[in-house]
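Coordinates in review
Here are the chains, one letter per residue:
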Amino acid sequence: MWTLLLIMGLGVTAAGARAQTQPPPRPAPSTPAPPAPASAPAERPPLAQSLTGMAKAEYITAGVLFRQGDYSGAGERFHRAYELSRDHRLLWDVARCHKEMRRYARLLKTLDRMEAEAGAALTVDERKDIVELRAFAERLVSRMEILASAPGATVFVDGEVVGTTPFPEPVPVDIGERQIRIVKPGFKELTRTETVTGGGHIAFSAALEKIAPRGRLRVVAGSNDAIAVDGKVVGRGAWEGSVPSGAHLLRVTAPGMLAYQADVLVRDGESRRIEVKLDDARGRAAYWLWLGGGAALLAGGLITGALVFEPGRPAKQGTLGSFPLSLGGVGGRR
């Protein structure tokens, strides 16, 4: 019996020893506390409150014009307000004006500028609105690409500059009949009409023809004088025009007048003025007759003088043409 009690006591002692040597039980893991809610971004005040000074004045005026249906004037005012404040929300108002005027190519350019200049300041909703509006406008434009023979040419669509050749990428052009004009100094202007359909692509080559250097020539003559340049009558009385650089034959004529003719040199970029006064042909003829008669008179005088002063010869009275002359010497008539 004692043996049994001893065994039982040893068992209890061993169990207690094991209980003391075993590590204490781990506490049950606690549920992590939920993170503190992030603070919502501060809501931006309306433009009417955030804008100040001239930017606010332009914005208010733009709103009035927009409500009156003057979308062109409103767009200009919204744009001025943006330039003064740099608040990208104003570019959205500019895009709205382009949409109302159906200027979808300008609308797309405004959205491009808005994304480039606003960057991280755009909200998620603003980015979504831009994507939707861009998709809408892309269906109403075509992308145009021009391969010009000379770089640096300015391209106009309906009188508005859209870029300079070569384009870094095709530019949007609104649907409809569009006049395309390509201009570069020193080259002939190229103009064509293109029918633009939505969602398409336009590509054409523009062979620009170089023009010769030119200057300007202005001729001022009598009111009835005919002016001819290089054998072609170009006007009467006065004429001004562009001519190729170099020498040109100028001729001015009028009835009863002596013609004027001369080679005129016009240099590149020069403006040259020529004044011409024609002489009366009858007056010139009379002048030459008088000059010829004077020469004859002088010759006759020399001969007569020789006779007058020749010893032993009396002086005589004579005529030269229709003019009575006294050829007498000391004793002649006065």
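Residues numbered from 1 in each chain as written. Predicted model: local features only at pLDDT ≥ 70, side-chain atom pairs only at ≥ 80, totals over all residues. Heavy atoms only, no water.

1. Quick look at the overall build of the protein chain
Helix and strand content of the protein chain: eight helices and 16 strands. Scored against the burial criterion, the 334 residues of the protein chain give a buried share of 26%. Intrachain contacts of the protein chain at a sequence separation of at least 6 include 49% that bridge at least 24 residues. Surface accessibility of the protein chain: about 22300 Å² in total, with carbon and sulfur atoms responsible for 58%. (Helix = DSSP H or I, 4+ residues; strand = E, 2+ residues; numbered from the N terminus. Buried < 20%, exposed > 50% of the residue type's maximum accessible area, 1.4 Å probe, protein only. Contact = heavy atoms within 4.5 Å. Areas by Shrake-Rupley, 256 points an atom, 1.4 Å probe, with all protein chains shown as cover.)

2. Describing the sheet that holds strand E1 (residues 141–148)
The strand order across the open sheet built from three strands is E4-E1-E7, with neighbouring strands paired in mixed fashion. Every interior strand has two partners, whereas the edge strands, strand E4 (171–174) and strand E7 (201–206), have only one. Each strand axis lies, on average, 40° off the axis of its neighbour in the sheet, ignoring direction. Note: E1 against E4, four bridges, orientation antiparallel. Considered in E4, the bridge of Ser 142 is made with Val 173. (Pairing = 2+ DSSP bridges. Axes fitted to C-alpha atoms, helices over the stretch in contact; angles between N-to-C directions.)

3. Focus on the environment of Leu 122
Residue position: Leu 122 is located in the loop between helix H6 (104–118) and helix H7 (124–138). For Leu 122, a relative accessible area of 7% corresponds to the buried category. Sequence separation of Leu 122 and His 88 is 34 residues, and the distance between their C-alpha atoms is 8.2 Å. The residues contacting Leu 122, other than those within four sequence positions of it, are His 88, Met 114, Glu 115, Arg 127 and Ile 130.

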